Amino acid sequence: MPADDAHEPYDTYDRLITLLDTSSVDYRLIDHVPEGTTDAVCALRGHPASEAAKCIVLRVKVDRRTTRHVLAVVPGDRRVDLDAIRTLFAARYVGFSDAETAERLARAIPGTVLPFSFDPELELVADPDVVKQPRLYFNAARLDRSLCLSGPDYERLANPRVEPIAGPAPE
C-alpha cells in the first residue's frame, strides 16, 4: 500500500488497532482510495452516511478564562448541534476548533479524526444515534483505511459521554 510509506506524524492508527486487538472486539478494516469527506468515503465503503461517525473538534468557552475542547461524534448524515453543546457545557460560546488545535488534540490530520480521544484535554461526546448503530464506520486515522465495528462495542471502548448532540441533516 503506498499510504504505508507516507506515515502520518501520529501513532493514532497503531494505538487504535492495539486497543481493538486487546479488547477482543470484532472489527473490520476496509482499504480504499484516500478520502476524508464523509459522503465520498461512505460511497467508497458502500454504506449509508447514517452509519458513519462524523467527528468534529469544538472549542467550548465556558467563561472568560475556561476553554474546553470537545470531540463531538454524530451520524454522518447529520450535523453537530452547537446549541446542544452550548447547553450541555453551560458555555458562553461554542465553535469549531482551529485546524492546528484540532489536529494536535485528535492526533490526526483533517478527514481522519477518530471517534476516540487519546488526549485527556479532548472530551468525547457521542450522540445516542451513533452508539446504537449495528455497524459504525469511520476513517481509521488514515485517509486510505476505514474501520467498521458495532456502536455498542464503540461505546464500551471509547466510553464517550452520550448526549443528544446531532442536529438535522445539512441542507
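Residues numbered from 1 in each chain as written. Predicted model: local features only at pLDDT ≥ 70, side-chain atom pairs only at ≥ 80, totals over all residues. Heavy atoms only, no water.

Let's talk about the overall build of the protein chain
Across its full length, the protein chain carries 7 helices and 10 strands. Radius of gyration (C-alpha) of the protein chain: 15 Å, near the 16 Å computed for a compact globule of 171 residues. By residue count, 47% of the 171 residues in the protein chain fall in the buried class. When contacts within the protein chain are restricted to residue pairs at least 6 apart in sequence, long-range pairs at least 24 apart make up 70% of them. Summed over its atoms, the accessible surface of the protein chain is roughly 8,600 Å², and 49% of this surface lies on carbon and sulfur atoms. (Helix = DSSP H or I, 4+ residues; strand = E, 2+ residues; numbered from the N terminus. Rg over C-alpha atoms; globule rule 2.2 N^0.38 Å. Buried < 20%, exposed > 50% of the residue type's maximum accessible area, 1.4 Å probe, protein only. Contact = heavy atoms within 4.5 Å. Areas by Shrake-Rupley, 256 points an atom, 1.4 Å probe, with all protein chains shown as cover.)

Things to note about the packing of aromatic side chains
Per the counting criterion, the structure on display carries 3 aromatic pairs. Residues Phe116 and Phe118 carry aromatic rings whose centres are separated by 6.4 Å and whose planes lie at 10 degrees to one another, so their mutual orientation is stacked. In this pair, the class of Phe116 matches that of Phe118, namely buried. Here the aromatic residues Phe116, Phe118, Phe138 and Tyr154 are joined through ring pairs into a cluster of three or more. (Phe/Tyr/Trp six-rings, centres within 6.5 Å; stacked < 30°, edge-to-face > 60°.)

A closer look at the environment of Ile30
Here Ile30 lies in strand β1 (residues 28-31). Classification of Ile30 by relative accessible area gives buried; the value is 13%.

Digging into the sheet that holds strand β6 (residues 122-126)
Spatial ordering of the open sheet is given by β5-β2-β3-β6-β9, a layout of 5 strands whose pairing is mixed. The open sheet has two edge strands with one neighbour each: β5 (93-96) and β9 (161-162). Here strand β2 (residues 53-61) pairs with β5 via 4 bridges, running antiparallel. Counted as the bridge partner of Arg59 is Gly95 from β5. (Pairing = 2+ DSSP bridges.)

Some points on the side chain of His32
For His32, the position within the fold is in the loop between β1 and α3 (38-45). Excluding anything up to four places from it in sequence, His32 contacts Val41, Leu44, Arg45, Asn139, Leu143, Asp144, Arg145 and Ser146.

Regarding the environment of Pro160
Mapping Pro160 onto the fold places it in the loop between α7 (151-158) and β9. On the basis of relative accessibility, which here comes to 8%, the residue Pro160 falls in the buried class. With 77 residues separating them in the primary sequence, Pro160 and Asp83 have C-alpha atoms 19 Å apart. Those residues in contact with Pro160, other than ones at most four positions away along the chain, are Leu124, Ala126, Val131, Tyr154 and Glu155.

By themselves these figures say nothing about function.
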